[in-house]
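Chain by chain, the residues run as shown.
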Amino acid sequence: MADDDSYAHSAVEHSHSQSALQTTPQPKPSYSSSRSAASGRMRVGIISAGKVGTALGSALRAVGHHVIGAYARSAASRERLETMLPGVPALDIPTIVERSELVIIAIPTADIEPLAEQLAQQHVWQPGQIVLHTAGRVGSAVLAPAARCGALCLALHPAMSFTGTSLDVARLANCFFAVTASPALQPIGHALVAELGGESAVVAEADRPAYHLAVMHAVRHVTTVTEQAMQLLGSIGIERPGDFLRPLAESALQRALNAHSGQGMQGEPPAQLSAGSGNSDTSDSSDARGSDAVGRSEPTDSRAGEHRPDMPENSDTLNSSERSAPTDPYLRIAAELEHEDPRFAHVARTYRALEE
């Protein structure tokens, strides 16, 4: 784990012993009625101080919420916390949860459910408390242990890549967020996104794998294809290949993005989809290669032993002999979607070809 490791284990780092937490749980206030009723502002805790968590915390603080603390175990996280959220203390995880009305979990996808379960066993979650995670590949179901304790659980994935700088805060204002929650809790997700200045779209729990595959397909392979094109131009003597390609690549990307919205390029008719591009009514989507961030988070969003709460998980390229039993989680998702719905066949084929 590259940034903050052993999240579930760190939950026991608390001023009380684990056994005391389990045998003599203290009464917890219900936040459903006490949440800063006069101002509508909340006490926000962040787990952890990666690129996604600190950007969201900074944006929420800018609109009046109070960030009470963040989990920052590594030196890099502590430095980022001081830069992005000056004055916010680094706290252990149980303390963050106990003091917060809104808990933002921005850690690797695989660590979310174990952490939620650990804190549930310690009786740390509180009724009426809002708990959200920022991973792209999974919905709110991974927070079931917190929900059983009365927490209000959501998945809120920002569809952008994060730099770990203040630039991310401004970019959130033009960002789309995928919201996954029960119908009763979806308005909370929409309200939080609106406060950040972004736009929200509901993604069903069962559709999160397809959603994240679409995002990763775009992010990973736009980067790969562009880098390869620049290398080829450089090899034949073209100086500044990035500048050479920029107008063409930007116009091509804009044309592709506009194709489904019916918008042309400065008066041009919308580009027609080629015969090999599949159905025009397939859905679109949003953590970057290498966040949970893109959000991304995920990415997350996996290199053995290396997980990042602010980036999606990487996967090794598969050769043709490995396709029958793919280990890349996105290849597996693509294969499953291809089997379930022929509309996704072209996505699976293209993804496999670009990963080879």
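What you are looking at is a predicted structure, and each value in this text was computed from that prediction instead of being measured.

**Structural notes on the environment of A194**
Following the sequence through the fold, A194 ends up in helix α10 (residues 186–196). Among the residues examined, A194 registers a relative accessible area of 53% and is labelled exposed.

**Examining unusual backbone geometry**
Residue S48 is reached from I47 by a cis peptide bond, and omega for that bond is 10°. Note on placement: S48 falls in the loop between β1 (43–47) and α4 (51–62). With a phi angle near 60°, H123 is a residue other than glycine that sits in the positive phi range. Structurally, H123 is set in the loop between α7 (109–121) and β4 (130–133). Assessed through its relative accessible area of 34%, H123 is described here as partly exposed. You will see that R240, though not glycine, has its phi angle at about 50°, which is positive. Of note, R240 is situated in the loop between α11 (208–235) and α12 (241–259). Classification of R240 by relative accessible area gives exposed; the value is 60%.

**Here's the deal with the sheet that holds β4**
Strand order in this open sheet of seven strands is β2-β1-β3-β4-β5-β6-β7, and the pairing throughout is mixed. The sheet terminates laterally at β2 (66–71) and β7 (199–202), the two strands that pair on one side only. Between one strand axis and the next, the sheet turns by 25° as a mean value, whatever way the strands run. Here four bridges tie β1 to strand β3 (residues 102–105), and the two strands are oriented parallel to one another. Paired with V44 across the two strands is L102, which belongs to β3.

**Some points on the nonpolar core**
Formed by 34 residues in total, the largest nonpolar core has its most connected members in L102, L172 and F177. Ranked by residue count, the leading element in this core is α4, at five residues. Not counting residues within four places of it along the chain, the set of residues in contact with L172 comprises A55, L56, A59, P158, M160, F162, F177, L196, G197 and G198. Core analysis: the second largest hydrophobic core is formed by 25 residues, I47, I68, L91 and L143 among them.

**Brief notes about the pairing of β2**
Along β2, five of the six residues are buried, which leaves the element largely enclosed by surrounding structure. In this structure, β1 lies alongside β2, joined through five bridges in parallel fashion. Paired with I46 across the bridge in β2 is A70. In terms of handedness, the path from β1 via α4 over to β2 forms a crossover that is right-handed.

**Overview of the state of the cysteines**
Taken as a whole and judged by the stated rule, the model has zero disulfides. Not part of a disulfide, C149 finds its nearest cysteine sulfur in C153, a span of 9.0 Å. A residue is classified by how much of its surface remains accessible, and C149, at 27% relative accessible area, is partly exposed.

**Brief notes about the packing of α4 against helix α5 (residues 75–84)**
Describing two packed helices takes the angle between their axes plus the distance from one axis to the other. Taken N-terminus to C-terminus, the directions of α4 and α5 make an angle of 20°; their axes are 10 Å apart at the nearest point. Taken together, the axis directions place α4 and α5 in an arrangement best described as roughly parallel. The crossing of α4 and α5 is right-handed. Mapping the contact onto sequence places K51, T54, A55, S58 and R61 in α4 and R80, L81 and M84 in α5. In terms of residue class, the contact of α4 with α5 is built from three nonpolar, two polar and three charged.

**Points about the confidence of the model for the chain**
On average, residues of the chain carry a pLDDT of 76, and 67% of them reach 70 or more. A low-confidence stretch, residues 264–326 (pLDDT under 50), is modelled with 223 contacts involving residues beyond four sequence positions or located in other chains.

**Overview of the environment of E79**
Turning to its location among the elements, E79 is positioned in helix α5. Judged by its relative accessible area of 54%, E79 is exposed. Through-space distance from the C-alpha of E79 to that of A49 is 9.2 Å; in sequence the pair is 30 residues apart.

**Some remarks on α7**
Regarding α7, the residues found buried are T109, D111, I112, L115, A116, Q118, L119 and A120. Backbone geometry just downstream of α7 places H123 in the positive-phi region, at approximately 60°.

**Description of the side chain of Q186**
By the element assignment, Q186 lies in helix α10. From its side chain, Q186 meets the backbone oxygen of A181 in a polar contact 3.2 Å long. With sequence-adjacent residues up to four places away left out, Q186 is seen in contact with V179, A181 and V202.

The rules behind each value
Residues numbered from 1 in each chain as written. Predicted model: local features only at pLDDT ≥ 70, side-chain atom pairs only at ≥ 80, totals over all residues. Heavy atoms only, no water. Helix = DSSP H or I, 4+ residues; strand = E, 2+ residues; numbered from the N terminus. Buried < 20%, exposed > 50% of the residue type's maximum accessible area, 1.4 Å probe, protein only. Pairing = 2+ DSSP bridges. Axes fitted to C-alpha atoms, helices over the stretch in contact; angles between N-to-C directions. Core = buried A, V, L, I, M, F, W, Y, C linked by side-chain atoms within 4.5 Å. Contact = heavy atoms within 4.5 Å. Right-handed = clockwise from strand over helix to strand, strands pointing away. Disulfide = S-S within 2.5 Å. Parallel < 35°, antiparallel > 145°, perpendicular 65-115°, else oblique. Left-handed = near helix turned anticlockwise from the far one by under 90°. Nonpolar A, V, L, I, M, F, W, Y, C, P; charged D, E, K, R; others polar. pLDDT = per-residue confidence, 0-100. Polar contact = N/O pair within 3.5 Å; in protein donor to acceptor, adjacent residues only side chain to side chain.

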